[in-house]
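Breakdown of the fold
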Amino acid sequence: MLTLPWKHPTIVAGVPWKNPVGTASGTFNVEACSRFYDVAQMGAVSTKGVSIIPWEGNPTPRTAETPAGTVNSVGLQNPGLDHYLANDLPMLKRMGANVITNVAGHSDEDYIQVVERLADKPCDMLEINVSCPNVSHGGMSVGTDAKALHHLIGALRNITDKPMIVKLSPNVTDIVGIAKAAVDAGADALSLINTLVGMRINTTTGRPILANITGGVSGPCIFPIALSFVWRVRRALPDIPIIGIGGISNGDNALEYLYAGANAVEVGAAALLDPIAPLRIARELDDLLDARPELAEKLAEGRTW
């Protein structure tokens, strides 16, 4: 594969990225994506959420289209940590990728076991997905409760020195309070946003399309919403590294996130439509930064606009 030099790197929580664009968890599979592009050319790749044991995910139908986006209820289906450590992680490191391992769990103990097992493994960063239903907290997502989130991230901080990103849910009344709880407990960076809650109805049957009734909305339709969340968190927390996620379709979208205060971005739903979208967007952004030397200089030093 042809490799062109990257002109504008960034730094996220002390970890160098060759460019400010990564893949979003849930939309990246190393075996599939590596058929289309050199995954090591991304700033980072965030892998599918990994749990301590395999998860089957939610019943079908799991996906539905919506104007300028999709609604999905896959349910974090994954083959489990043992498979990830034996297959995906070694493959990615052989390719030379910068790896963010996304961690999922249905209880605090689930998260702790995964992070303990990853402590001496070669992943470069951890991304803690706190949007899973959590039995430790009555089935409520830890990411919607500042106290529960602080407790979980504090426990994980005590067992790993790896840079730890906390992926925030937008389905809260006060994103700033949630973000502060994560940072106060030891998060090294934040990624936001995860999907919004939505649904579709089949007007022939009058029933919800998704078997799980509601799912996560992603795609261009959430772009302005996600951008506002990044802006708000950056104003409240001027020093924490932020990865912007949501509705990025081109380099100009990514650039908006950088001007909103993000250090980097992750591309998700666009890759479901166009497999090479993450690399294309990274190239577009690299060229756009040529004309913005002040922003490019800040990013290269790990600072933000």
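Numbers given to residues run from 1 along each chain, matching the order in which its sequence is written. This being a predicted model, a pLDDT of at least 70 is required before a residue's local features are given, and a value of 80 or more before pairs of side-chain atoms are given or counted; all residues contribute to the totals for chains, interfaces and linings. For the side-chain quantities, the full set of heavy atoms in the structure was used; hydrogens and water were omitted.

Taking strand neighbours across the sheet as the criterion, the 4 strands line up as β5-β6-β16-β13 in an open arrangement whose pairing is antiparallel. Each end of this open sheet is capped by a strand with a single partner; those strands are β5 (63-66) and β13 (196-198). On average, each strand axis in the sheet is tilted by 35 degrees relative to the strand beside it, whichever way the strands run. If DSSP finds at least two bridges between two strands, the strands pair. Numbering of helices and strands runs from the N terminus; a helix is a DSSP stretch of H or I covering at least four residues, while a strand is a stretch of E covering at least two. Here 3 bridges tie strand β6 (residues 69-72) to strand β16 (residues 215-218), and the two strands are oriented antiparallel to one another. In the sheet register, N72 faces β16, and the bridge partner there is G216. Angles run from 0 to 180 degrees between N-to-C directions of axes, and those axes are lines fitted to C-alpha atoms, restricted for helices to the stretch in contact.

The subject of this paragraph is the sheet that holds strand β12 (residues 189-192). Spatial ordering of the closed barrel is given by β3-β4-β7-β8-β11-β12-β17-β18, a layout of 8 strands whose pairing is parallel. Neighbour-to-neighbour, the strand axes of this sheet turn through a mean angle of 25 degrees, independent of strand direction. Where β12 and strand β17 (residues 242-245) come together, 3 bridges link them in parallel fashion. Note that in β17 the partner of L190 across the bridge is I242.

Glancing now at the pattern of salt bridges. Take a side-chain nitrogen of Lys or Arg and a carboxyl oxygen of Asp or Glu: if they are within 4 Å of each other, that pair is a salt bridge. Using the criterion set out here, one finds 9 salt bridges in the structure. Residue D82 is joined to R117 by a salt bridge in which the shortest nitrogen-to-oxygen separation is 2.7 Å. Taken together, the residues D82 in helix α2 (residues 81-95) and R117 in helix α3 (residues 108-118) connect sequence positions 35 residues apart. As a salt-bridge pair, R280 and D274 come within 3.5 Å of each other at their nearest N and O atoms. Only protein chains enter the accessibility calculation, which uses a 1.4 Å probe; a residue whose area is less than 20% of its type maximum is buried, one above 50% is exposed, and one in between is partly exposed. For R280, a relative accessible area of 27% puts it in the partly exposed group. One salt-bridge network, held together by shared partners, links K7, D287 and D290.

What follows covers the nonpolar core. In these notes, a set of buried Ala, Val, Leu, Ile, Met, Phe, Trp, Tyr and Cys residues joined through side-chain atoms within 4.5 Å is what counts as a nonpolar core. I128 and L190 are the most contacted members of the largest nonpolar core, which totals 86 residues. We call two residues in contact when some of their heavy atoms are within 4.5 Å. In contact with I128, not counting residues within four places along its chain, are V103, Y111, V115, I153, L156, M164, I165, V166 and K167. Formed by 12 residues, the second largest nonpolar core is a distinct cluster that contains V12, W17, M125 and I245.

Below, the discussion takes up the packing of helix α5 (residues 175-185) against helix α6 (residues 223-236). Two numbers describe how α5 lies on α6: the axes approach to 10 Å, and their chain directions differ by 55 degrees. Relative to α6, the element α5 lies oblique. Considering the relative orientation of α5 and α6, their crossing is right-handed. Judged by residue contacts, I175, V176, A179 and K180 of α5 engage F229, R232, V233 and A236 from α6. Angular relationships are summarised with four words: roughly parallel below 35 degrees, roughly antiparallel beyond 145, roughly perpendicular across 65 to 115, and oblique for the angles in between. Whether a crossing is left-handed or right-handed is set by the direction in which the near helix is turned from the far one by less than a right angle, anticlockwise for left-handed and clockwise for right-handed.

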